[in-house]
Amino acid sequence: MNRRSIKYHLLMLLLLITVKSMAQSGANFIPSSASNQLEMWQKETFDPKTIDKELGWAQEIGMTMMRVYLHHVAWQQDPKGFKERLNEYLGIAERHHIKTIFVFFDDCWKDSYQAGKQPEPILSVHNSQWLKDPGSRIDREPKLMDTLEVYVKDVMRVFGRDNRIMLWDLYNEPGHFKHGDKSWPLLKNVVKWARSVNAVQPVTIGLWNPEFKAFNKFQIENSDVITFHNYRDTSALKQALDTLTGRGKQVICTEYMKRPEGSTFKDCLPIFKRYQTAAINWGLVAGRSQTNYPQGNKGGEPEPELWYHDIFRKDGSPFNKEEIKIIKAYNKTAVIDDGPYVFYKNGKNFIYRIVNNKVTTISDQKNFKVTFKEPGKDFEVKLQGELKTGPVDYPMPEKLFVLSDIEGEFNAFRSLLLASHIIDEQYNWTFGKGHLVICGDLFDRGLQVPEYIWLLYSLEQKAKAKGGYVHVVLGNHDVMNLSGDFRYVQPKYLESAKLMGMDYKDFYAKDTELGRWLRSKNTLEKIGGLLFLHGGISPEINKQKWTLEQINVLARPYYDQKKAMVPDSLKVLFAKDALFWYRGYFVEPKITHAQLQETLDHFKAKRIVVGHTIVADTVSTHFDGKVIAVDVNEHEGKSNALLIEGQKYYRVNERGEKQLLLEDKK
Ligand code: ZN
């Protein structure tokens, strides 16, 4: 290694370390005022004001990297002005603490292009004016190759030591749009040109199609950092990460997020976090590139209900507020508010909470508050002292209000209870002798898990004082959190644990108040001849002829144990297709009416009410009303509960509106 190359490698190592040290996120960026690369970079339409405003939104959600496409035509008209504008852009990005990946060539979208005023976008058509660079022009004008060489070398020489650039992406999706093998000469050349410049930043050519084996091999070999695109679901994403990580090179996903295909922030970011991979989604602001519209539109279609790509509207409001929370949490720059958590040590309690990323502790308190940033939401919790497991069989109360799978969505839960007058604004129990039943899954997905559990905990006492009752039966996510399976835990909680100098598993351990409380809960209960549980009773469980009491007693000691610790005779309770996880009422292989009747007869029940499986947007009935499904997607703002009054069963929405579902025969 000569001196220059030692320096080069050291610098590169530094850059790699800064990128690798944390899971970061970013977006592919074009300002909303540009429809393509030429509108972004040509003098007449270069728009630093919009760039500044929109990168500010990216900064606000904690993004630290943007991937930005260039175009040789913008350079060719005016190399000096072009580089000045790159410099101006980089200055704006730097003020927002954002590093940039510049992309040189691209095989996607429109093949013909010219300098000057760009055609207007075709209304509702995805990327209607996005340009290939150089596209098929290179086949017709072989001399263009020389121009491109000068272009790449010029830009990389000028910016090759610029630490505002984190990576050079030499060629986007080579071979795409039927270019196939025609893309080879330029691909090989651009690698050669880039290497000859000796820029300090690493280079990459992103993998985009697992079928393109020869391309992929070349691209991996010639990338300092492996980048890839994945717009498919999480299993494809995991497969890509498993294939690409562990090669001794850093991996970054430079394109993902296509909501209708299941590539979402909610599902993908936890995976990126686990692999410590930076994640760059398609689209920051929905603008003239119209990439919030699906591919395949012909023109004039309305805005899709579920956006394809992009995060913000042009006015800065997000497409989905929940996604913003998820992105912020992932980026760690989010302000963490969490807790309280009550731990016991040497006969004393210690109450931890995090407000604005700051941990505070108080000890030896019997009462404390659960606090919120929004005014009027705080509530008081009294520690219960002794925690007893409730009975498994109850007579029919006056009224029953049943829901499930809240998974930390505190606000959805609170609104639902308020609308149906279960509680009032001050969290008083206003449901009288009514019973509230939660069919499991208190944990995961949502971002206010302990707040939600404390509310249940405190309502339990308030209800009892008024002759009412709160039932909580556990679901698979609850058992997962107790037993150390943290696959669905929001990254926020892992960060919280770090801030508190603990492990996430400590939060609900045996020596915590919520841990004790959860361990005291049942798995299934019968109320007024109705069976309530999370998943369902499989025919295999029926074979055991266990009573209600037996199932609860047998399962409880293993809530917090790894699967391997469960004795063989009880494995049937914790299996993938059993109690907590069962979906056989709704999903193939479905049980028969006779098998369902066997369960009902065995437990002397007339109906079964379950959560866990989303079968409709509302509470729904199955098997002639013998099975009622109460799980709805709270994360998409769909709140629904089951209300039973006397003989009548209603579904109730978040506005408290009732709709009769069925009626018991007198
Ligand atoms: Zn579940």
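Before any of the text, the structure's been laid out above.
Below: a short report on this structure. This structure is a prediction, so every number in the text was calculated from the model and none was measured.

1. As for the overall build of the protein chain
So, point 1. Assigned secondary structure in the protein chain consists of 21 helices and 25 strands.
So, point 2. Relative to the globule expectation of 26 Å for 666 residues, the C-alpha radius of gyration of the protein chain, 29 Å, shows essentially globular dimensions.
So, point 3. With respect to the principal axes defined by its C-alpha atoms, the protein chain has extents near 85 × 55 × 50 Å.
So, point 4. Here the protein chain holds 666 residues, and 60% of them are scored as buried.
So, point 5. Within the protein chain, residue pairs in contact and separated by at least 24 positions form 70% of the contacts whose partners lie at least 6 positions apart.
So, point 6. Looking at the protein chain as shown, the accessible area adds up to about 27,900 Å², and 52% of this sits on carbon and sulfur atoms.
So, point 7. Distance between charge centres in the protein chain, computed from 93 positive and 83 negative side chains, equals 3 Å.

2. Observations regarding the packing of aromatic side chains
So, point 1. Evaluation of the coordinates by the stated rule reveals 47 aromatic pairs.
So, point 2. Between Tyr256 and Phe272, the ring centres sit 4.9 Å apart and the planes meet at 65 degrees, which makes this aromatic pair edge-to-face. In this pair, Tyr256 is assigned in strand E7 (residues 251–256) and Phe272 in helix H11 (residues 265–274), connecting sequence segments 16 residues apart. Each member of the pair Tyr256 and Phe272 is classed as buried.
So, point 3. Ring centres 6.5 Å apart and planes at 50 degrees place the aromatic pair Tyr493 and Tyr504 in the tilted group. Highlighted residues: Tyr493 in helix H16 (residues 491–499) and Tyr504 in the loop between H16 and helix H17 (513–519), separated in sequence by eleven residues.
So, point 4. The class for Tyr493 is buried, based on a relative accessible area of 2%.
So, point 5. An aromatic cluster of at least three residues, connected via ring pairs, comprises Trp41, Phe46, Trp75, Phe82, Tyr89, Phe102, Phe104, Phe105, Tyr151, Trp168 and Tyr171.

3. A word on the coordination of the zinc ion
Angles between donor atoms at a metal ideally measure 109.5 degrees for a four-coordinate tetrahedral arrangement and either 90 or 180 degrees for a six-coordinate octahedral one.
So, point 1. Of the protein atoms, only Asp441 (OD), Asn476 (OD1), His534 (NE2) and His612 (ND1) coordinate the zinc ion, at distances of 2.1 to 2.2 Å.
So, point 2. Every donor counted, the four donor atoms about the zinc ion form angles of 84 to 170 degrees at the centre, which fits irregular coordination.
So, point 3. For Asn476, a relative accessible area of 3% puts it in the buried group.

4. Notes on the pattern of salt bridges
So, point 1. Enumeration over the complete set of coordinates arrives at 31 salt bridges.
So, point 2. With its nearest N and O atoms 4.0 Å apart, the salt bridge here joins Asp393 to Lys526. In this pair, Asp393 is assigned in strand E14 (residues 393–394) and Lys526 in strand E18 (residues 524–527), connecting sequence segments 133 residues apart.
So, point 3. The exposure class of Asp393 is partly exposed, given its relative accessible area of 43%.

5. Here we look at the sheet that holds strand E9 (residues 338–345)
Across a sheet, paired strands are connected by hydrogen bonds in the backbone, their directions being either parallel or antiparallel.
So, point 1. Within the open sheet, the three strands sit side by side as E9-E10-E11. Their pairing is antiparallel. Only two strands of the sheet have a single partner each, and these edge strands are E9 and strand E11 (358–363). Each strand of the sheet is rotated relative to its neighbour by a mean of 20 degrees, with strand direction disregarded.
So, point 2. As judged from the six bridges shared by E9 and strand E10 (residues 348–355), these two strands associate in the antiparallel manner. Bridge pairing links Tyr341 to Tyr352 in E10.
So, point 3. On the sheet, H16 packs against E9, E10 and E11 and is oriented at approximately 50 degrees with respect to E9.

Conventions used here
- Residues numbered from 1 in each chain as written.
- Predicted model: local features only at pLDDT ≥ 70, side-chain atom pairs only at ≥ 80, totals over all residues.
- Heavy atoms only, no water.
- Helix = DSSP H or I, 4+ residues; strand = E, 2+ residues; numbered from the N terminus.
- Rg over C-alpha atoms; globule rule 2.2 N^0.38 Å.
- Buried < 20%, exposed > 50% of the residue type's maximum accessible area, 1.4 Å probe, protein only.
- Contact = heavy atoms within 4.5 Å.
- Areas by Shrake-Rupley, 256 points an atom, 1.4 Å probe, with all protein chains shown as cover.
- Lys, Arg positive; Asp, Glu negative; His and termini not counted.
- Charge placed at Lys NZ, Arg CZ, Asp CG, Glu CD.
- Phe/Tyr/Trp six-rings, centres within 6.5 Å; stacked < 30°, edge-to-face > 60°.
- Donors = N, O, S within 2.8 Å, 3.2 Å for Na, K, Ca; no water.
- Tetrahedral: all angles 85-135°; square planar, octahedral: opposite > 155°, others 65-115°.
- Salt bridge = Lys/Arg side-chain N within 4 Å of Asp/Glu carboxyl O.
- Pairing = 2+ DSSP bridges.
- Axes fitted to C-alpha atoms, helices over the stretch in contact; angles between N-to-C directions.

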